[in-house]
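Next come the chains, spelled out residue by residue.
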Amino acid sequence: MSSTADFTCLLTKASERDSLLWHRRMGHIHLRKMNFLVKNNLVEGVPKQTFSMNDRCLPHKKGKQHKKSHSQKIVNSIQSPLELLHMDLFGPVNVKSIGGKSYFLHSKDETPEILKFLFLKLENLCGLKIKALRSDNGTEFKNHELELFCLQHGIHHQFSAPRTPQQNGVAERKNRTIIETARTMLSDSKLPITFWAEAVNTACFVLNRVLTVKKQKKTCYELFNNRKPNLKFLE
């Protein structure tokens, strides 16, 4: 019997309470994904147990209901980090955050300047160059300042067709996942909607450590930092 099978056999079943606790700590991801992370030793600090729940998580159901999803690409054509960055701006939110924001910015006009700092930081951290961007035709992305930056740095900026969000499906789906997770956390914690920005920040932090990239079978955190995430501090 393989070592993987031996490891799987040794897993004990977590209690309903512990399963629910870790389901909440890990951003209300699906139980199947939770067990996948543990069985394949993709995270540290989580009990080596099989998680299961008899009752569905009500905040999970409330926060993650949505319309029919866009179809995904069958083949992943990206070979290295920063080869193609997918961008989308979430908002405006009807209720302003505690910091008085309707986006994660005070206004959409801040987008080009913030993106330029982000691009330079990513290139410095990865030691790689951004090759292409993909976004919709919103003025926060389609403007002279960002266009000039892309020209100066040899970055190809791709735009989706008007009223065709499917062409920027990666960003659309990721935004949906983050917002659903944040909404679920708010529902679960009973906090007021004004905490949406904090919930979204927490969702991003957690999802980067628990969602995996199928092709590499690693979490996003490990792919970027070359080490497994440790979730012990979530206890």
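These numbers were taken from a predicted model, which means no experiment stands behind them.

Caption draft 1: Geometry of unusual backbone geometry. Phi at Lys190 takes a positive value of approximately 65°, unusual for a residue other than glycine. In this structure, Lys190 sits in the loop between helix H7 (169-189) and helix H8 (196-210). Here the phi dihedral of Asn226 falls at roughly 60°; this positive angle occurs in a residue that is not glycine. Here Asn226 shows up in the segment after helix H9 (220-225). Assessed through its relative accessible area of 68%, Asn226 is described here as exposed.

Caption draft 2: Quick peek at a positive patch on the surface. Positive charge collects at one region of the surface, where Arg32, Lys33, Lys174 and Lys214 lie side by side. When you line up the elements, Lys214 lands in the loop between strand S6 (212-213) and strand S7 (218-219).

Caption draft 3: Geometry of the pattern of salt bridges. All chains considered together, the criterion is met by eight salt bridges. In this structure, the salt-bridge partner of Glu113 is Lys116, at a minimum N-O distance of 3.3 Å. Remark: Lys116 and Glu113 occur in helix H5 (residues 111-126); sequence separation between them is three residues, near one turn of the helix. For Lys116, a relative accessible area of 18% puts it in the buried group. With a closest N to O distance of 3.9 Å, Glu180 and Arg176 form a salt bridge. Placement of the pair is Glu180 and Arg176 together in helix H7, with a separation of four residues, close to one helical turn. Residue classification places Arg176 among the partly exposed positions, given a relative accessible area of 26%.

Caption draft 4: Just the side chain of Glu123, in detail. Looking at the secondary structure, you find Glu123 in helix H5. Relative accessible area serves as the criterion here: at 10%, Glu123 is assigned to the buried category. Non-local contacts of Glu123, meaning those with residues more than four positions away in its chain, are made with Leu82, Leu128, Lys129 and Ile130.

Caption draft 5: Representation of the sheet that holds strand S4 (residues 132-135) in the model. In space, the three strands of this open sheet follow the order S3-S4-S5, with parallel pairing throughout. The open sheet has two edge strands with one neighbour each: strand S3 (85-86) and strand S5 (156-159). In terms of strand pairing, S3 meets S4 through two bridges, oriented parallel. Of the residues in S4, the one forming a bridge with Leu85 is Leu133.

Caption draft 6: Just the nonpolar core, in detail. Met26, Ile29, Phe51 and Val210 are the most contacted members of the largest nonpolar core, which totals 31 residues. Elements with a minimum of two residues in this core: helix H3 (31-39), H7 and H8. With sequence-adjacent residues up to four places away left out, Met26 is seen in contact with Met34, Leu37, Val206, Val210 and Leu231. Residues Leu85, Tyr103, Leu133 and Phe141 belong to the second largest nonpolar core, which totals 16 residues.

Caption draft 7: Layout of the packing of H5 against helix H6 (residues 144-152). At their nearest, the axes of H5 and H6 sit 9 Å apart, and the two run at 25° to each other. What the angle tells us is that H5 and H6 run roughly parallel. Handedness of the H5/H6 crossing: right-handed. Facing Pro112, Glu113, Leu115, Lys116, Phe119 and Leu120 of H5, the residues of H6 in contact are Glu145, Leu146 and Phe149. Split by residue class, the contact of H5 with H6 holds six nonpolar, no polar and three charged.

So, how was this worked out
Residues numbered from 1 in each chain as written. Predicted model: local features only at pLDDT ≥ 70, side-chain atom pairs only at ≥ 80, totals over all residues. Heavy atoms only, no water. Helix = DSSP H or I, 4+ residues; strand = E, 2+ residues; numbered from the N terminus. Buried < 20%, exposed > 50% of the residue type's maximum accessible area, 1.4 Å probe, protein only. Patch = residues over 30% accessible without salt bridge, like charges linked within 9 Å, V, L, I, M, F, W, Y side chains within 5 Å. Areas by Shrake-Rupley, 256 points an atom, 1.4 Å probe, with all protein chains shown as cover. Salt bridge = Lys/Arg side-chain N within 4 Å of Asp/Glu carboxyl O. Lys, Arg positive; Asp, Glu negative; His and termini not counted. Charge placed at Lys NZ, Arg CZ, Asp CG, Glu CD. Contact = heavy atoms within 4.5 Å. Pairing = 2+ DSSP bridges. Core = buried A, V, L, I, M, F, W, Y, C linked by side-chain atoms within 4.5 Å. Axes fitted to C-alpha atoms, helices over the stretch in contact; angles between N-to-C directions. Parallel < 35°, antiparallel > 145°, perpendicular 65-115°, else oblique. Left-handed = near helix turned anticlockwise from the far one by under 90°. Nonpolar A, V, L, I, M, F, W, Y, C, P; charged D, E, K, R; others polar.

Such coordinate-based values are descriptive only and should not be taken to indicate function.
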